[in-house]
Amino acid sequence: MNDALIFGWTLGKILAIAVPVIIAVAMYVWWERKVIGWMHVRIGPNKIGPFGLLQAFADVVKLLIKEVIIPTNANRFLYFAAPLLSVIPALAVWAVIPFNGGGFVLANVNAGVLYVLAMSSLGVYGIILAGWASNSRYALLGSMRSAAQMISYEICIGMALVTVLILAGSLNFTAIVEAQAGGKGLFDWFWLPLLPMFLVFYISGVAETNRLPFDVAEGESEIVAGFHVEYSGSAFALFFLAEYANMILMSFLVSILFMGGWLSPFQGWHLGWFSEPGWWWLFLKFFVFATSLLWLRATFPRYRYDQIMRLGWKVFIPISIAWIFVAGLFRFFGVVTIGH
Amino acid sequence: MKKVVDYLKSLLLLELAAGLWVTLKYLFKHKYTLRFPMETIPRSVRFRGLHALRRYPNGEERCIACKLCEAVCPALAITIDSAPRASDGQRRTTRYDIDLFKCIYCGFCEESCPVDSIVLTDILEYHMERRGENIITKPQLLAMGDRFEKSIAANRAQDAAYR
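Rules used throughout
Residues numbered from 1 in each chain as written. Chains lettered and ligands numbered in written order. Predicted model: local features only at pLDDT ≥ 70, side-chain atom pairs only at ≥ 80, totals over all residues. Helix = DSSP H or I, 4+ residues; strand = E, 2+ residues; numbered from the N terminus. Rg over C-alpha atoms; globule rule 2.2 N^0.38 Å. Buried ≥ 20, exposed ≤ 12 C-beta atoms within 10 Å, placed from the backbone. Contact = placed C-beta atoms within 7 Å. Axes fitted to C-alpha atoms, helices over the stretch in contact; angles between N-to-C directions. Parallel < 35°, antiparallel > 145°, perpendicular 65-115°, else oblique. Left-handed = near helix turned anticlockwise from the far one by under 90°. Expected span 1.5 Å × (residues − 1). Pairing = 2+ DSSP bridges. pLDDT = per-residue confidence, 0-100. Nonpolar A, V, L, I, M, F, W, Y, C, P; charged D, E, K, R; others polar.

## Points about the overall build of chain A
Secondary structure assignment for chain A yields 11 helices and zero strands. Starting at the N terminus, the α and β elements of chain A follow one another as α-α-α-α-α-α-α-α-α-α-α. What you see for chain A is a C-alpha radius of gyration of 21 Å, in line with the 20 Å of a compact globule of 340 residues. With respect to the three principal axes, the spread of C-alpha positions in chain A is 60 × 50 × 50 Å. Counting the 340 residues in chain A, one finds 44% classified as buried. A sequence separation of at least 24 residues applies to 77% of the contacts in chain A between residues at least 6 apart.

Structure representation (structure tokens):
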């Protein structure tokens, strides 16, 4: 009885996070099409539902009722395992993301940052397997590019995380946010002492999620659709879901690690309600970063493959290593105040 | 030295910021999208759309089966048969078919017509749902002319000075 209750409670909590994430993906797709449309001096989807809000749901229904076509020489097991392998980590990551200071988090584990790193690394297996199992040259090229890119940029992300960990002194997301509290408003957050790392993390995050301008893995103009070129219907929908869930996650991570999570930008300035921390600040920051990803997509052309490698290995990693020392010095000499 | 300065400049992402600024400005610009079924752009009086056969005000059809349009048609889209009309023996068409798939909407038929019978209207929104519907026949063409005579005549009148 007791076990069943705990099971049900946990399942309820998982659904309370996973279902909103999936709905958020749908709304994010709509928002992407709107924002990019506006930047192209178009108006974007506006027919289905008010302001076209239901467009994404119509697309989901369309994808789900389509046939899943399996290439003749595909490895059937891996072919179907690949989309699952990419969507499960993308949803599982949300277990450790805290939404407010009151402990609204599925699992407040101490090594949350490590868990996120591990899960986002797992996601790359889905992409590699998708490219390999579908037995297509384009798909294989796309997955190889994607693997190289993800490995390179995961290092940058890891390094950027190390600087945050040095300052915060914890691997727990809640503790990292609390370490950014203080009386100087937004200048207490980690983006200021770690400004280069903030940019490195953000740009690497864009690369990690295979978004423009780092979308060589898809590269529509070169290799059609990259790793998921042979996928259709619901299998493709899963890749789509994983990509957008990862983008949303990356926006949340940047907000939490560098932008003070649910802390108010006016904290300690005694502006009444405005200075109070709350989930709305986290969602506001998430919204800003999520929109900026779309802004990047509307603005920049795709990087060439060797330029991506150069940026990762010859620019970001040296800067990251240098800034780890700087962060260590900050911490040692007490330049940055941690917490209250 | 220049190399170092360039490197530092690239680290500041100035060019990227400039690009982002451009797209940001476009985000708030007036949008050019035309909400098509509800809005249409103004159409020239010389617009060459769907065909029609006109009549005189007294109801007599204009076409005299001279077959100039059939001869001039570069796409061979027009097929005409003619015979003396049973009632008064006048030369009239018994068949006037236009294949809309062949037609290239060049307007030569209209130019060649000595009695302003075959015209191209400014209608561009039409479709076919079954095979064979691409060939429009004489009754259909005359019906088109009857239905849109007002706008056809108005467009011809506006353009008359330049013909």
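## As for the overall build of chain B
From N to C terminus, chain B includes five helices and five strands. N-terminal to C-terminal, the α/β element order of chain B is α-α-β-α-β-β-α-β-β-α. C-alpha extents for chain B along the principal axes are approximately 95 × 35 × 30 Å. Burial analysis of chain B (163 residues in total) assigns 17% to the buried set. Within chain B, residue pairs in contact and separated by at least 24 positions form 70% of the contacts whose partners lie at least 6 positions apart.

## Section: the packing of helix α1 (residues 2–39) of chain A against helix α2 (residues 55–64) of chain A
For any two helices packed against each other, one specifies the inter-axial angle together with the distance between the axes. Residue and element names in this part refer to chain A. For the pair α1 and α2, interaxial distance at closest approach is 8 Å and the crossing angle is 115 degrees. Taken together, the axes of α1 and α2 are roughly perpendicular relative to one another. Read as a crossing pair, α1 and α2 show a hand that is right-handed. Seen from α1, the contacting residues are A26, M27, V29 and W30; seen from α2, they are Q55, A56, F57 and V60.

## Some thoughts on helix α9 (residues 233–258) of chain A
Residues and elements named next belong to chain A. In a regular helix each residue adds 1.5 Å, so 26 residues correspond to 38 Å; α9 covers 38 Å between its end C-alpha atoms and thus fits that length. For α9, a buried count of 22 out of 26 residues is recorded, marking the element as mostly surrounded by other parts of the structure. G260 sits one or two residues past α9 and shows a positive phi near 75 degrees.

## Looking at the sheet that holds strand β2 (residues 78–84) of chain B
All names here are of chain B. With antiparallel pairing, three strands are arranged side by side in an open sheet as β2-β3-β5. Two strands lie at the open edges of the sheet, namely β2 and β5 (135–136), each paired on one side alone. Examined bridge by bridge, strand β3 (residues 91–99) and β5 share two bridges and lie antiparallel to one another. By the bridge assignment, I98 is partnered in β5 with I136. Contacts between helix α5 (residues 138–159) and the sheet are confined to β3 and β5, with β3 contributing the most and set at about 90 degrees to the helix.

## Observations concerning the environment of B:C73
Residue and element names in this part refer to chain B. Structurally, C73 can be placed in the loop between α3 (68–72) and β2. Taking the number of C-beta atoms within 10 Å as the measure of exposure, C73 has 20 and is therefore buried. The sequence separation of C73 and Y105 amounts to 32 residues, and the corresponding C-alpha distance is 9.8 Å. With residues up to four places along the chain from it excluded, the contact list for C73 reads I78, F108 and C109.

## Thoughts on the confidence of the model for chain A
Confidence in the prediction for chain A averages 85 pLDDT; 99% of positions are at 70 or higher. When the elements of chain A are averaged for pLDDT, helix α8 (residues 220–223) of chain A gives the smallest value, 76, and helix α10 (residues 279–299) of chain A the largest, 90.

## Points about the interface of chain B and chain A
Between chain B and chain A, the contact holds nine residues from the first and nine residues from the second. When grouped by side-chain class, the residues that make up the side of chain B that touches chain A number four nonpolar, three polar and two charged.

## Observations regarding the packing of α1(A) against α10(A)
Residues and elements named next belong to chain A. For the pair α1 and α10, interaxial distance at closest approach is 9 Å and the crossing angle is 45 degrees. Regarding the angle of α1 to α10, the classification is oblique. In this structure, α1 meets α10 at a crossing whose hand is right-handed. Facing Y28, E32, V35, I36 and M39 of α1, the residues of α10 in contact are A290, T291, L294, R297 and A298. For the contact of α1 with α10, the residue count by class is seven nonpolar, one polar and two charged.

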